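# Commentary on secondary and tertiary structure
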Protein chains: 2
Amino acid sequence: MNKIKIESKYSPFPKPIALIGCLIDGKPNFMNIAWFNRMSMEPNQWMISMNKNHHTFQGIKENKTFSMNFPNNELVEKTDFCGLVSGRDFDKSQLFTIFYGDLKTAPLISDCPISVELEVIELIEKQNQMIIIGLVKNIYSEEKYLTNGELDPKKIQLLIFVKASPDGFYFNLGENIGQAWKIGKDYKVD
Amino acid sequence: MNKIKIESKYSPFPKPIALIGCLIDGKPNFMNIAWFNRMSMEPNQWMISMNKNHHTFQGIKENKTFSMNFPNNELVEKTDFCGLVSGRDFDKSQLFTIFYGDLKTAPLISDCPISVELEVIELIEKQNQMIIIGLVKNIYSEEKYLTNGELDPKKIQLLIFVKASPDGFYFNLGENIGQAWKIGKDYKVD
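What you see is a predicted model, and the numbers here were worked out from it, not measured in a lab.

Each value, and the rule that gives it
- Residues numbered from 1 in each chain as written.
- Chains lettered and ligands numbered in written order.
- Predicted model: local features only at pLDDT ≥ 70, side-chain atom pairs only at ≥ 80, totals over all residues.
- Least-squares fit on C-alpha atoms with pLDDT ≥ 70 in both.
- Helix = DSSP H or I, 4+ residues; strand = E, 2+ residues; numbered from the N terminus.
- Buried ≥ 20, exposed ≤ 12 C-beta atoms within 10 Å, placed from the backbone.
- Contact = placed C-beta atoms within 7 Å.
- Core = buried A, V, L, I, M, F, W, Y, C linked by C-beta atoms within 7 Å.
- Pairing = 2+ DSSP bridges.
- Nonpolar A, V, L, I, M, F, W, Y, C, P; charged D, E, K, R; others polar.
- Arc of directions from axis to C-beta.

Turning chain B through 180° and shifting it by 0.0 Å along the axis lays it on chain A, with an RMSD of 0.0 Å. Taken together, the turn and the small shift mark the pair as related by a two-fold rotation axis. When C-alpha positions in chain B are compared against the rotation axis, the closest is assigned to Gly174 of chain B, at 1.8 Å.

Shown next, in the form of structure tokens:
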């Protein structure tokens, strides 16, 4: 067996990346985040892990609403910039074109192919991390990102983040190599 | 503004995909899962959301250990197959070459570029979902997946899962389009 132990402080799997939007003292702020995923299907709840000292967490706690905006290639510099600078030190409200949906305290980024507004369902504290459980209220996109009326992964081209070593990188989505709940049906059990 | 509301029962962002391994009544079983991410950096804890009725959850609850194995392209059929068939109905212990690390009840998949053994830290119940918090004990890989001693995302080529519509698809990792905490430094604020 050729297996070797790898320095284990990373999480080397590909991650989605989002710009979380909230209002802090009435002003829109955005941070980038890669530690989140879905929590349940019905209701459509997502879970995020975030250090509670983030400026953004103050806004989420205050308004009990936030947005998750999914950037594409064209936004890679601004996305990274949002992770380099805290809203405590820099006014990020002018970085993007902002719109609001049904929740009036979740600023949405018009420049992103997909923007989602969420309501906070629960905050769970673990050490210094907060697990934030959010209920999806609305998902916004544009006609140009649809194929046959459905969001098309190759058209939306959301950024993917990988940090398998001390350096992290943003990637494109590659080739489609199979349909889920289908390609496995072809697998022949010996 | 061209924004339209999209039917909101999906989570259209790209997701990692893993084969979770555990022992159930002493026999290795594997399920595929896409709802997980990191929870904290120090300690290196990951969080998973899983319906508590999954056969796999019984094994995790019983042994308080499990593995997460990250498949590449070559394993797409077997990965999908693991999501089509429950361990209650089919013996999946013969699907892969298995090895064990320091934890003796977390079966690891040798065929995967990366395998991780974890210890259960906490189980949090939310409706029928379980949030499983696991502490990474060891990450295993092979020399051929390293560049300059570090895991190389383009060599490991982990599968990515996207379900932006009723259909889900497995994708490759695409092009590297920028380094994190670096490309944003070039962003010039107007």
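A few words on the environment of Thr147 of chain B. Residues and elements named next belong to chain B. Counting through the fold element by element, Thr147 comes out in strand S12 (residues 146-147). On the neighbour-count criterion, Thr147 (12 C-beta atoms within 10 Å) is exposed. Spatially, the C-alpha atoms of Thr147 and Glu175 are 17 Å apart, while their sequence positions differ by 28 residues. Ignoring any residue separated from it by four or fewer positions in sequence, one finds Thr147 in contact with Asp152 and Lys155.

Moving on: unusual backbone geometry. Excluding glycine, most residues fall at negative phi; most peptide bonds, likewise, are trans. All names here are of chain A. Cis geometry is adopted by the peptide bond preceding Pro43, which originates at Glu42 and carries an omega value of 5°. By the element assignment, Pro43 lies in the loop between strand S5 (36-40) and strand S6 (45-51). Although it is not a glycine, Lys64 adopts a positive phi angle of roughly 60°. Structurally, Lys64 can be placed in the loop between helix H1 (55-63) and strand S7 (65-70). Positive phi values are uncommon outside glycine, yet Trp181 reaches one of about 60°. Inspection of the secondary structure puts Trp181 in the segment after strand S15 (169-179). Judged by the 12 C-beta atoms lying within 10 Å of it, Trp181 is exposed.

A separate point is the nonpolar core. Among the nonpolar cores identified, the biggest contains 114 residues, and Ala18, Ile20 and Ile33 of chain A together with Ala18, Ile20 and Ile33 of chain B are the most heavily contacted of them. When near neighbours in sequence (up to four residues on either side) are disregarded, Ile33 of chain B contacts Ala18, Ile20, Ile48 and Met50 of chain B.

For the rest of this paragraph, the subject is the sheet that holds strand S14 (residues 160-162) of chain B. As a general point, the strands of a sheet are linked pairwise by backbone hydrogen bonds and lie either parallel or antiparallel. Within the open sheet, the six strands sit side by side as S2(A)-S14(A)-S15(A)-S15(B)-S14(B)-S2(B). Their pairing is antiparallel. The sheet is open, and its two edges are formed by strand S2 (15-16) of chain A together with strand S2 (15-16) of chain B, each paired on a single side. As defined by bridge partners, S14 of chain B adjoins strand S15 (residues 169-179) of chain B across three bridges and the pair is classed as antiparallel. Across the sheet, the residue bridging to Ile160 of chain B is Phe171 of chain B, located in S15 of chain B.

It is worth spelling out the interface of chain B and chain A at this point. Listed per partner, the contact involves 77 residues of chain B and 77 residues of chain A. Of the residues forming the side of chain B that touches chain A, the biggest block, eleven residues, is contributed by S15 of chain B. Here the side of chain B that touches chain A is built from residues that sort into 39 nonpolar, 22 polar and 16 charged. By the bridge criterion, four bridges tie strand S11 (residues 129-142) of chain A to strand S1 (residues 3-6) of chain B in an arrangement that is antiparallel. Paired with Tyr140 of chain A across the strands is Lys5 of chain B, a residue of S1 of chain B.

Another aspect to go through is helix H1 (residues 55-63) of chain B. Residue and element names in this part refer to chain B. Taken as a whole, H1 has its buried residues at Thr56, Phe57, Gly59 and Ile60. Down the axis of H1, the sector holding all buried residues measures 160°, keeping them to one side. Those residues of H1 that are buried lie in contact with strand S3 (18-24), strand S4 (27-33), strand S6 (45-51), strand S7 (65-70), strand S10 (114-126) and strand S11 (129-142). Of the residues flanking the end of H1, it is Lys64, one or two places downstream, whose phi is positive at about 60°.

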